[in-house]
Protein chains: 2
Amino acid sequence: MLNIILLSGGSGKRLWPLSNDVRSKQFIKIFKKPDGTYESMVQRMYQSIRALDRDAKVTIATSRTQVSAIHNQLGTDVGISVEPCRRDTFPAIALAAAYLHDVQHVAESEAVVVCPVDPYVDNAFFGMLEKLGARAAEGKENLVLMGIKPTEPSDKYGYIMPEMGGNNSQKLTERTVPGVNKVDSAAMKQIEIAEENIEENTAVRRVRTFKEKPDVETARKYIAEGALWNGGIFAFKLGYVLDIARRELGYTDYQDLFDRYETLPKISFDYAVVEKEPRISVMEFSGRWEDIGTWNTFTDAMQDSTIGDATMSDSCEDVHVLNELDVPVLVMGMKDTIVSASPQGILVSSKEASTGIKPYVEKMNQRIMFAEKSWGVFHVLDVEDQSLTIKANIKAGDHMTYHSHERRDEVWIIIAGRGRTIVDGMEQIVEPGDVVTMQAGCKHTIEAITDLKLIEVQLGKDIRVSDKKRYVLEEPLRTGAEGTGTSEEKA
Amino acid sequence: MLNIILLSGGSGKRLWPLSNDVRSKQFIKIFKKPDGTYESMVQRMYQSIRALDRDAKVTIATSRTQVSAIHNQLGTDVGISVEPCRRDTFPAIALAAAYLHDVQHVAESEAVVVCPVDPYVDNAFFGMLEKLGARAAEGKENLVLMGIKPTEPSDKYGYIMPEMGGNNSQKLTERTVPGVNKVDSAAMKQIEIAEENIEENTAVRRVRTFKEKPDVETARKYIAEGALWNGGIFAFKLGYVLDIARRELGYTDYQDLFDRYETLPKISFDYAVVEKEPRISVMEFSGRWEDIGTWNTFTDAMQDSTIGDATMSDSCEDVHVLNELDVPVLVMGMKDTIVSASPQGILVSSKEASTGIKPYVEKMNQRIMFAEKSWGVFHVLDVEDQSLTIKANIKAGDHMTYHSHERRDEVWIIIAGRGRTIVDGMEQIVEPGDVVTMQAGCKHTIEAITDLKLIEVQLGKDIRVSDKKRYVLEEPLRTGAEGTGTSEEKA
């Protein structure tokens, strides 16, 4: 059985307007499924792992802001190790490891594979995760890394330098790289041999050393020497990381680490663990592995040129449209262009210029205009000085928390579906056309009996997301129960 | 005193998404005023005429769909001759003339100037309208036209061929035209003389003949002979057109013509009147006069490169953004591009391709997502199968008609301002947070005491704009009256 920790971090700047402060790139639904709907990176990664191993124990290490979106996209079965604040990857992995051990009761002798949630990979990748785990379980090394076969001499990555064993393995791992001088015919032959010996390249090799983000020229040299990109994917026995956490962070148990999380140092797993460990091996992955953190790499991963309501003239070339609004986008006579629209705003960019988006988005300092919650999705329809109008879609069986606001009144108008509200303890069945008014201070929640849609109007001089008090219901809402007669009698 | 008939027609296809079936191009607010706000073509034309002659009697000849927008943009003082359906310019001008005579009591001896509402002109144009009217009042000819000095040998216009009087007037009216062969230095001298004699060129000349939309080569020849574009601007004595209407359309009075409007032939004023009239003169206008019916000519008329919430990277060149949404548009690395967004949709087009927009918009067959009403503006926030959510902004003192719907319930939530509702005869003062529910069949209206904003949710299986019954209130709403105590007592 596979134990996987998926690291889900990231900010929402580079893929604006599809990302925002609560939706990082891994939650954008971009990959077309056979049924014509779309899934996100996190859904694709999670489902692929589960397809390989139905019993795989997947834990997502993430920040509080992503928990709702993860529940919305993956359901509530997935394990989540919530980081109380942002630290670097070592505290995050240590916390997730403690969570696996103390909450999920995984034994210290079991292998765990850590993997970022956001590379775009082909299916062979998931088999590799399994191999990494199996190798770590053997215990021959303390750490097993996945080395990504470089496709260009990039200065964005760290490089893993494997040891060269045997007589001709040095030759076998020589390779051509785009941008590297042309190879002569002798070298060409070596490459052909390398291709045939692909299995050998993916075998386990000891790691000699690491080289952090070299310049392009140096990277070229490293690649010629057989270096691999460090993709941040590693496997170890659970006890190995817990031991280091005990030593370095004073770890006693999960709750202790969680409570002290804010006081932990910001330090990466590479620095705190990998660079100090002499017994490391690497397995090479030569399939598709892409870091799709910018708009132009993101659109490269799109199967179709448009998602959402979009029309393009025949004269368009290499144009991608991602439209999450309900209104049409019309593009005429454009080339090498990205058009994206969401409740957050509209982006029109040449593919080349799109990598420079971050400073522009940082300047905007925008309100969050849409978000996925554990109970469904909402988006802002209208913003006024003293009111906010939103639309909420709640999935059948799900419900909001029971909560109140100090400084605003709210009105719900049910526009589709059937639900049950509790307002200051009074239960009521609601249907389209029903209006529920809630004064400031009034406790309220709504549960969807069938998929439910409502318009919520918030009114007040000081409307803030933070103005929310949560309460525990004495009796939890009975999900999906149609028989509501008794509940109504309670009112 | 100037009598002006402004012809306001046009469809909403070519400037989508800023135009739609109820907002033609002349209502788009594009021209920046000194105070930083924007005005539309119809506002600019109307205000400029009133600035020249405070007492000018301006009548707008238009279709029913534009009446609300005209009242919204020009107020309720403006005369409107409503065409019950679309005919061509002769029935439209005849109806407006009958309206001037029978409703506005303009004498048959008074001069009237007819002018399309949508050319983009400089201020000298309005002085020309006055001169045209004065000349028509003299009665030397039956029709006085404004001839536009051509700027290119276009095949889009009709050409007016003036008679050449005197010895050297032929020479004086020779001119260079972009795209015409270069002139020699002797010709250059003639042009200089022509420039000096600009007054003579704008003098009144008899019209020899008309040439309808020639090809570019022929147009070039005509221009060299002194031809002028026919801009559809003509002046006449009111009785002249009424006489022709009596003869050709069997006109008896305004109401009769209005009632029979649908049975009238589709025939243009040029064809029915101008081409048959031997006594016509023309005055030349050589100032700015542009037909801005397409996106690229429209953006040429913009003072700034952006209107609305828009950010451009420094690498943008010749980009225009018109954003009527409340969310930001970010444009990076684009050239020669138009970006426009409204509740109707989003357009991204190269300037070159933008002229081909019409067929794409025709295919969309869209719901109207925003409109100006006499009482303010509304736009659609959300569309579901059985609900429609809109936001309405009502100007202080204005009110909706008293009306009901057969097949839908409605809910209002007041989000800003103070108003008075009447629902099935019951009056009530409403303020932010107040909710008004209206079952199907229930008569209702709302009046804004101060500028008022509300969210309206419509609910029903068959929501249509046409589902509306109007009623007359026994006592009209007292506009702007703050003292509402007695009204409330009625409830």
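Located above this text is the structure these notes cover.
An account of the accompanying structure is given in this report.

Cut-offs used in this document
Residues numbered from 1 in each chain as written. Chains lettered and ligands numbered in written order. Predicted model: local features only at pLDDT ≥ 70, side-chain atom pairs only at ≥ 80, totals over all residues. Heavy atoms only, no water. Helix = DSSP H or I, 4+ residues; strand = E, 2+ residues; numbered from the N terminus. Expected span 1.5 Å × (residues − 1). Buried < 20%, exposed > 50% of the residue type's maximum accessible area, 1.4 Å probe, protein only. Contact = heavy atoms within 4.5 Å. Buried area = accessible area lost by both parts, 1.4 Å probe. Salt bridge = Lys/Arg side-chain N within 4 Å of Asp/Glu carboxyl O. Polar contact = N/O pair within 3.5 Å; in protein donor to acceptor, adjacent residues only side chain to side chain. Nonpolar A, V, L, I, M, F, W, Y, C, P; charged D, E, K, R; others polar. Pairing = 2+ DSSP bridges. Phe/Tyr/Trp six-rings, centres within 6.5 Å; stacked < 30°, edge-to-face > 60°. Lys NZ or Arg CZ within 6 Å of the ring centre and 35° of its normal. Axes fitted to C-alpha atoms, helices over the stretch in contact; angles between N-to-C directions.

Residue and element names in this part refer to chain B. Compared with the 16 Å implied by 1.5 Å per residue over twelve residues, the 16 Å span of helix H9 (residues 238-249) between its first and last C-alpha is a close match. Those residues of H9 that sit buried are Leu-238, Gly-239, Tyr-240, Val-241, Leu-242, Ile-244, Ala-245 and Leu-249. Phi for Gly-250, located one or two positions after H9, is positive at around 65°.

A word on the interface of chain A and chain B. Accessible area lost upon the coming together of the parts serves often as the stated size of an interface. Between chain A and chain B, the contact holds 53 residues from the first and 53 residues from the second. Regarding the contact of chain A and chain B, the summed buried area is about 3800 Å², with carbon and sulfur atoms giving 72% of it. If you sort the residues of chain A by the area they bury against chain B, Leu-330, Met-332 and Ile-346 of chain A come out on top, with a joint share of 19%. Here chain A is connected to chain B by six salt bridges. Residues Glu-384 of chain B and Lys-453 of chain A are paired through a salt bridge, measuring 2.9 Å at the closest nitrogen-oxygen approach. Counting across the interface, chain A meets chain B through 20 residue pairs in polar contact (both at pLDDT 80 or more). At six residues, strand S19 (residues 345-350) of chain A tops the list of elements feeding residues into the side of chain A that touches chain B. Looking at the side of chain A that touches chain B, its residues break down into 32 nonpolar, 15 polar and six charged.

Let us look at the side chain of His-403 of chain A. Residue and element names in this part refer to chain A. Checked against the element boundaries, His-403 lands in strand S23 (residues 402-404). Within polar-contact distance, the side chain of His-403 engages the backbone oxygen of Thr-401 at 2.8 Å. Side chain to side chain, His-403 and His-405 meet in a polar contact 3.3 Å long. Once you skip the residues sitting within four places of it in the chain, His-403 turns out to touch Cys-442, Lys-443, His-444, Lys-468, Lys-469, Arg-470 and Tyr-471.

Working note: regular strand, side chains alternate between the two faces of the sheet. Residues and elements named next belong to chain B. Along strand S1 (residues 3-8), six of the six residues are buried, which leaves the element largely enclosed by surrounding structure. Of the two faces of S1, the one holding Asn-3, Ile-5 and Leu-7 and the one holding Ile-4, Leu-6 and Ser-8 are both buried throughout. Bridge analysis of S1 against strand S4 (residues 57-63) gives six bridges, and the strand direction is parallel. Note that in S4 the partner of Leu-7 across the bridge is Ala-61. Two strands pair when backbone bridges link them, and S1 and strand S6 (residues 111-116) are joined in this way by four bridges, in the parallel orientation. Looking at the pairing, Ile-5 lines up with Val-114 of S6.

Let us look at the sheet that holds strand S15 (residues 310-312) of chain B. One open sheet holds the six strands; their spatial order is S14(A)-S16(A)-S18(A)-S19(A)-S17(B)-S15(B), and the pairing between them is mixed. Of all strands in the sheet, those with a lone pairing partner are strand S14 (306-307) of chain A together with S15 of chain B, marking the two edges. Across six bridges, the pairing between strand S16 (residues 317-323) of chain A and strand S18 (residues 335-342) of chain A is parallel. Looking at the pairing, His-320 of chain A lines up with Ile-338 of chain A of S18 of chain A.

Next up on the list: helix H2 (residues 67-74) of chain B. Since the α-helix advances by 3.6 residues per turn, residues separated by three or four positions end up pointing in the same direction. Residue and element names in this part refer to chain B. The element H2 is largely enclosed, with a buried count of six among its eight residues. Turning to H2, its buried residues are Val-67, Ala-69, Ile-70, Asn-72, Gln-73 and Leu-74. Contact partners of the buried residues in H2: helix H1 (41-52), S4, strand S5 (79-83), strand S20 (370-373) and strand S21 (376-384). Gly-75, located one to two residues past H2, shows a positive phi value of around 85°.

Okay, the packing of aromatic side chains next. In this structure the tally under the stated criterion is 28 aromatic pairs over all chains. Positioned over the ring face of Phe-31 of chain B is Arg-44 of chain B, at 5.4 Å from the centre of the ring.

Another point: the side chain of Ser-404 of chain B. Residue and element names in this part refer to chain B. Mapping Ser-404 onto the fold places it in strand S23 (residues 402-404). Judged by relative accessible area, Ser-404 falls into the buried class, the value being 4%. Within the local environment of Ser-404, its side chain forms a polar contact with the side chain of Tyr-471, the two groups lying 2.7 Å apart. For Ser-404, the contacting residues outside a window of four places in its chain are Gly-441, Cys-442, Lys-443, His-444, Asp-467, Lys-468, Lys-469 and Tyr-471.

Another point: the sheet that holds strand S27 (residues 435-438) of chain A. Residue and element names in this part refer to chain A. The antiparallel open sheet is built from six strands, whose spatial order is S20-S21-S22-S29-S24-S27. The sheet terminates laterally at strand S20 (370-373) and S27, the two strands that pair on one side only. Across this sheet, the average inter-strand angle for adjacent strands is 20°, counted without regard to direction. Here S20 pairs with strand S21 (residues 376-384) via four bridges, running antiparallel. Among the inter-strand pairings, Glu-372 is bridged to a residue of S21, identified as Val-377. Along the sheet, helix H2 (residues 67-74) contacts S20 and S21; its crossing angle with S20, the most-contacted strand, is approximately 65°.

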